[in-house]
Structure formats: structure tokens, C-alpha cells
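Inside the fold
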Amino acid sequence: MSSGKTGAFRATFKRLWPYVRQYKSGFFAAIIGMAVYGVVDASLVYMIKPLIDNGLAASDPATLRFAPLVILGLFLFRGIANFVSTYCLAWVSQNVIHNMRQEIFGKYLRLPVSFFDSNSTGDLISKVTYDAEQVSRASSSGLIIIVRASFTLIGLLAIMFWESWQLSAIFFLIGPIIALVISTVSKRFRAVSKRIQGAMGGVTTVSEQMLKGHKNVLAFGGQEVELKRFTKASNRTRQQNMKLSAASALSQPLIQIIAAIGLSVVLFVASFPSILNSLTPGSFVVIIGSMMALMTPIKQLTKVNVQLQRGVAAAESIFAVLDEPEVDDTGTKTLGRSDGKIEVNDLTFQYPSSEGPVLKQVNLSVPAGKTLALVGRSGSGKSTLSNLLPRFYEINQGSIAIDDVDIRELTMASLRQQMAIVSQQVVLFNDTIANNIAYACDEAVTRAQIEAAAEAAHVLVFTNDMPEGLDTMVGEDGLMLSGGQRQRIAIARAILRDTPILILDEATSALDTESERVIQSALDRLAASRTSIVIAHRLSTIEKADEIVVMDKGEIVERGTHQQLLAKQGAYAQLHAMQFGE
């Protein structure tokens, strides 16, 4: 193994140790139990000598009568050691993985939005599930085999040297060869294991996309497309697993053949009179029996190497996520309830993956309590601007200020407490409608307040017909509800949050004409005492806005009231004419 690989291997174990150290009492109890188990296994082989030399060769009945009690005692001791080691290590392993999964999940919550733009959801889920499970297996069943087999191996070698160091020394000639084979195979195991993790992420991603878009798949007849896509991802996983199995299947018999050569040499040397005359029948059988018994721990150590390398590769994958830079929350100032005044000065922004700026030298001023509407073609930068207000992305150039304070000087929590966001992509959690409306609100929120918000957003119109009312479970991502119902719940959530700034990104896009009219009146009442940023394609929903800004290719091309922009006969008038068929 190269020094770089060895260094990475050690560094991974060094990072894993703090997770284990919290449960070191259970860990060391498990190690002791495994050590006892391995020594007892070796002792059982050594029991052959007194049985042959004293019991059979010397015809001593006492030895034969006493031997069953010793064997029973050893097996009882072995069973207790097995229970202690298995249970304690499982306890340590499950706690370690639980903490590791919590840390990964917590890390996801602290990572910037740009990280999720460049990483598939399936890959990220795979790290919490598959990768963490691989670490668990390596640190539980894998470690059990390693420690037990190692102590058995040491015990058997000690017995061999005690009985005849000359014969035992021969066996050590093959040790370096076995170590070389294991080292070479280990590198192969880890490289393939990393590719398996990537392939598993692909399987998760394809499955998730199909399940989320199941209706679209059926509607467009995409079953064959999805099946081919899944088959390709699954086949890649199969191929990598077969490479791992091939390496494992080749290494095990190779090591056993090397060990068998050593055993053959020992048997040949033992035939020399000088060696043969120094051994009792019992000693000879014990040495041969120990050598035969060595095959089992050597086989186990070789086989568990696959599991160990998978665990190390999985740990490296997890640590790579934990090392990702978090959101740079450098703000130190906090706001109580702001007035809601927003200033945008010379704002220029470019996504890491985009070829050019998405926003160019944008300047806006929204007085407290006023409504600003952003309109324009898709890709003109409207939603990007709404994403920069809560600092989902960091500003490249220019500034945004709330109440004359640069948002970068505010703490993230304080900044985001000032605004409620209703987007066209409504996210609901697998909980009750009431809990979705009150999502992330403190315990001071009462049932009456939830019901008032639900009534204002016209949620009660459809929940009154449900047996459980507001306590109805919505299903995963609100699949039990229609698009319009889900949007109303999102609006109720914003109403309950009662923030000084409201961001509406196509908030009524999923509503029918009648529902839109009802919800729009509720939004108008809601926006009356708040600063509102409204992004809309339907121009009928923003006619009453205090100012309308028309954007194109990241720049402001027009601004004014509805009537002023129509009178200009410019870009806004063209959009209006297209929508209303004028």
C-alpha cells in the first residue's frame, strides 16, 4: 500500500475514533470479550495434547474424565465472552452511526443552497443511509471478526512456538507473502468500494426521480425510458459489486494456498528424525491442528477485509461532506421587527455554474409597507432577486439593505425572521395540515391563530369537508392534496408567520380562476401592512402594486405603475397585450 493511501487510511481511523471515544467503556468491554473468545478458541486446540499424551498414550482415565468438564467450562466462558463482545460492540456501533447520521443531517441544514444545486438528492440520501450502514458494518461485525481472529491467530502461534519453535518458525516465512497479498487486494477493495458508493447514489437518484414524477412518467408513456435508466444505474452497481466479489474470491484461495504450502513444508521438516524424536504424539497433533486451525482466522481476516475497506471508503465519503464549507454567517447585528424598507444598490450576481451574470447593476427602492412587483420573461432574474433577499446565495457585487442595514451584517436567523416566502414550488411535510401551517413556529402559537390563518387563506373551505379537519395528514409532500390546496396551506403558513416582508413567487400559480380571486383578496389584505415583493406571470394579480418593475436578461428595462407602463407602450404593454389577447 502506498504511503499516501496508508496516510489516508490512518487519517480516516483517526477521525472515527472521537465518535467511538464517547462509548469507550463499552468498546473496551467488547475488546476484552473478543480477546477472551479468541484465546478460548486457541485453548480448545491445545486441549488435544493432554487428551492424547495423558489420556490415551498413558491410559490415564482421570484425564479423560476431567476433560469434559474443562471443555464445557471453556465453551461456557466462550459463550459469555461472545455475548459481551457482540452486544457491547453493537451498542457502540449503533450509537456511533446514530451520532454520525445526526451530524450529516445537521450538516445538510447548515450547507449553502449552492451545494444542493450541484449535488443530486439521491447521492446525499445515499450518504445518510448506505454509506453510514457500511461504516456500521465495518465497525461492528467487521471489527468483531478482526479482533477475534487476531487473538485466535496469536494464541495458535503461541501454542505452536511453545511446542516447537523450529517448526513454527517455518510458518513465518510465508507471513510477508500473505501481508503483501492482503495489502494489494485492500487497495483494490477500497477503489471499487468508492465506485460502488457512487453507483448506489445513482440508483437512489433514478428511483427518487421516478417516484416523484410517477404521474408524468405514466402520462407521457415514459415507463420504458425510466426502466432503461434504472437498469443502467443498477447494472453499474452490479458490475462494481462483481469486481469486488472477484477480488475477494481470488484473494481467499490464494492466501489459503500460500498457507497450505507452509503447512506442507512443516510436515516435511517434521519427518526428519531430529525433529520427530523431540515431539510427543500430542505435541505433533497440536502443532498440525494449530496450523490447520490457522486457516480459519486467516480466511476470516481476508474476507472481512472487503467489509473493512467498504467501511473506510464510506467514512471517507461521509467526512468529505462534513468538510464542506458551511453557510458563511458572518453577520453580527440583529433586528427586532423591521419596518420593511428595502434598498438594492448596483446588484450584480452570477451563479457558479452560469456563463455570465444573471443580474446586472440592479437598483431598487421599496418603501416600508409598499408592494413591488417583478415581471418579465422566464430567466430574466426575478426569482434570483427573491433568492438573494434571504441570502440563499451570497451577493457577488453591490448590496441589499433592510432598514438601511446591509443584509450581510445581519445574522441569518435575524434576517430570515423578517420575511415569509410563498413560492410556486410548495413544500409540505408528512404531517397534519395544522402542523404544516404552523411549521417552525414557536410554542406560543395557539390553535385559534392557526385556524384564523387557515380561514384567511381559505384553507377551511376544503378542510371542513375532511373527517379530521385541520388534523388531516397531508401525505408525503402533500400528495393527498391538490395543487391549489397545497398553495393555500403555504399562504396560510405565511399569514401565520406575520413578518414585515412578504415574498410571493408565483404564489397563486396553482389556483383556478375562482380560487385565485379569493386568495388574491386575502393576499391584498395581508400585503396592506407589509413590504411585499411579488413575482408574477399573471399580470392581473399585480395591477394594484405600488411599483411594477419589468426585467429582461437580468436588467431593469421599465418601471412604474400599471397605468404608467401601459401608457409607455413598451415591454410591459407587450406582455399585457399577449396575456389578454389585445
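In what follows, the structure referred to is the one given above.
A brief structural summary. (Residues numbered from 1 in each chain as written. Predicted model: local features only at pLDDT ≥ 70, side-chain atom pairs only at ≥ 80, totals over all residues. Heavy atoms only, no water.)

**Topic: the packing of aromatic side chains**
Rule in force here: Stacked, tilted and edge-to-face are the three classes applied to pairs of Phe, Tyr and Trp rings, where Trp contributes its six-membered ring and a pair requires centres within 6.5 Å; stacked means planes under 30 degrees apart, edge-to-face means over 60, and tilted covers the rest. The secondary structure listing takes helices from DSSP runs of H or I that are at least 4 residues long and strands from runs of E that are at least 2 residues long, numbered from the N terminus. Only protein chains enter the calculation, and the probe is 1.4 Å; a residue is then buried if its accessible area is under 20% of its type maximum, exposed if over 50%, and partly exposed in between.
As enumerated under the stated definition, the model contains 11 aromatic pairs in all. Ring geometry for Phe-83 and Tyr-87: centres 5.9 Å apart, planes at 15°, overall stacked. Here the residue Phe-83 and the residue Tyr-87 both occupy positions in helix α4 (residues 61-110), the gap between them amounting to 4 residues, near one helical turn. Of the two residues, Phe-83 and Tyr-87, both sit in the exposed class. Plain terms: the ring middles of Phe-349 and Tyr-393 are 5.9 Å apart, the flat faces sit at 55° to each other, and that makes the pair tilted. Pair noted here: Phe-349 is in strand β1 (residues 342-349) and Tyr-393 is in the loop between α13 (382-388) and β4 (397-402), with a separation of 44 residues, a long-range link. The exposure class assigned to Tyr-393 is buried, which follows from its relative accessible area of 11%.

**Some points on the nonpolar core**
Put simply, the rule reads: Take the buried Ala, Val, Leu, Ile, Met, Phe, Trp, Tyr and Cys residues and link them wherever side-chain atoms come within 4.5 Å; each set so joined is a nonpolar core. Whether two residues are in contact is decided by their heavy atoms: any pair within 4.5 Å suffices.
Residues Ile-433, Ile-437, Val-459, Ile-489, Ile-542, Ile-548 and Tyr-572 are the most contacted members of the largest nonpolar core, which totals 42 residues. Sorting elements by how many residues they give to this core places helix α18 (residues 483-497) first, with 7 residues. For Ile-437, the residues in contact, after removing those within four places along its chain, are Ile-450, Ala-453, Ala-454, Leu-470, Ile-489, Ala-492, Arg-493 and Leu-496.

**Remarks on empty space enclosed by the protein**
This is how it is decided: In the cavity and pocket records, a cavity denotes points on a 1 Å grid over the protein atoms alone where a 1.4 Å probe fits but cannot get out, a pocket denotes an open set with protein on both sides within 12 Å along at least 5 of 7 lines, and lining residues are residues with an atom within 4 Å of a point. Grid points are joined across faces, edges and corners, and a volume is the space filled by probe spheres set on the points. Each residue is assigned to one of three groups, with Ala, Val, Leu, Ile, Met, Phe, Trp, Tyr, Cys and Pro labelled nonpolar, Asp, Glu, Lys and Arg labelled charged, and all others, Gly among them, labelled polar.
Within the structure shown, the criterion is met by 1 cavity of 30 Å³ or more. Considering only enclosed or pocket space, the largest cavity measures out at about 50 Å³ in volume. Residue lining of the largest cavity: Ile-342, Val-344, Leu-364, Val-366, Leu-372, Leu-374, Leu-385, Leu-389 and Ile-533, and that is the complete set. Counting residues per element, the ones that place at least two in the lining of the largest cavity are β1, β2 (359-366) and β3 (371-376). Of the residues that constitute the lining of the largest cavity, the class distribution is 9 nonpolar, no polar and no charged.

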